[in-house]
Structures are given as C-alpha cells and as structure tokens.
Amino acid sequence: MAEKSGHNKSIDELTTEIAQSRERLARDVRGLHYELDFPAKFRRSFREQTVSWISAAAAVGALIALAPMRKKKIYVDAKSSRKTQKKLVETGFALAALKVVAGLVRPVIVEFVKNRLTNFGGKSRRKT
C-alpha cells in the first residue's frame, strides 16, 4: 500500500532531515551565486589570462579603426567637374571677401559694444 507521510518518525529524525535539507539548499544557493557572479568571473579570467584579453581588445580596436577605411569609387563626369570647379572658385572668392570685410568691421563692433557697456555702467536696467 501507500507509504505514510512521516507520522511515525521521531522528532530527532525530522530535525536532522530538516537540517540536512537546509545544508543542501545553502550549498546549492552558494553554487548558484558562484555561477552567476559574472564580474568576479571576468576579473578572475583577466587576472589569469591578461595577455589574451589585451590582445583580443587590441584586435577589436584595430577592426573598429580600420573598418571605415574602405575606398569608394566615385565616377566624375568631365563636363560637370568644370561647373563644380567654377562654383568652387566663386565660393572661395566670396569667403575671402567675407573674411576681409569681417576683419575691417570687427574693430567697429568691438568699440560699439564697449561704448554700450560703459554707458550702462554694468548695472541692470531693472528698477528696484
């Protein structure tokens, strides 16, 4: 027939069985904690295999650095390049003229700002 559920066991037997069960559970939890402690595993692995980790990091860095260095083929039409060069020259002249004008206007702007600041005396316009 069916086995009884432990009513016939003594209190001491039940106490030892509970203690053993707790020890097994504690051991399993410690093992699980050890297996899931990834930062400690990485530190331990780096300590034991430093050269491998550094060489792997250097390889990954080199791949990342060299990946965008692919050469692109660009086909240029000779007629459109003349127009582009003409626009480039015009833009260069415009930027050069702008630089000369900015150099001439800069002292005027600086003097204007100085005069505005000295007229206000550095105080705010708000009435108190």
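Presented here is an overview of the structure given in this document.

Cut-offs applied
Residues numbered from 1 in each chain as written. Predicted model: local features only at pLDDT ≥ 70, side-chain atom pairs only at ≥ 80, totals over all residues. Heavy atoms only, no water. Patch = residues over 30% accessible without salt bridge, like charges linked within 9 Å, V, L, I, M, F, W, Y side chains within 5 Å. Areas by Shrake-Rupley, 256 points an atom, 1.4 Å probe, with all protein chains shown as cover. Salt bridge = Lys/Arg side-chain N within 4 Å of Asp/Glu carboxyl O. Helix = DSSP H or I, 4+ residues; strand = E, 2+ residues; numbered from the N terminus. Axes fitted to C-alpha atoms, helices over the stretch in contact; angles between N-to-C directions. Parallel < 35°, antiparallel > 145°, perpendicular 65-115°, else oblique. Contact = heavy atoms within 4.5 Å. Nonpolar A, V, L, I, M, F, W, Y, C, P; charged D, E, K, R; others polar.

To continue, consider a nonpolar patch on the surface. Side chains of V100, V101, L104, V105, V108, I109, F112, V113 and L117 sit close together on the surface and give an oily, nonpolar patch of about 870 Å² of accessible area. With respect to the element layout, L104 can be found in helix 4 (residues 78-120).

On to the packing of helix 1 (residues 11-36) against helix 2 (residues 38-48), then. As a packed pair, helix 1 and helix 2 sit with axes 6 Å apart at the nearest point and diverge in direction by 60 degrees. Here helix 2 runs oblique to helix 1, going by the angle between their axes. Residues Y34, E35 and L36 of helix 1 form the contact with helix 2, whose participating residues are F38, K41 and R44. For the contact of helix 1 with helix 2, the residue count by class is three nonpolar, no polar and three charged.

In the contact formed by helix 2 and helix 3 (residues 50-66), the axes pass within 5 Å of each other and the chain directions differ by 100 degrees. It follows that helix 2 is roughly perpendicular to helix 3 by the angle criterion. Facing F42, S45, F46, R47 and E48 of helix 2, the residues of helix 3 in contact are T50, W53 and I54. The class makeup of the residues in the contact of helix 2 with helix 3 is four nonpolar, two polar and two charged.

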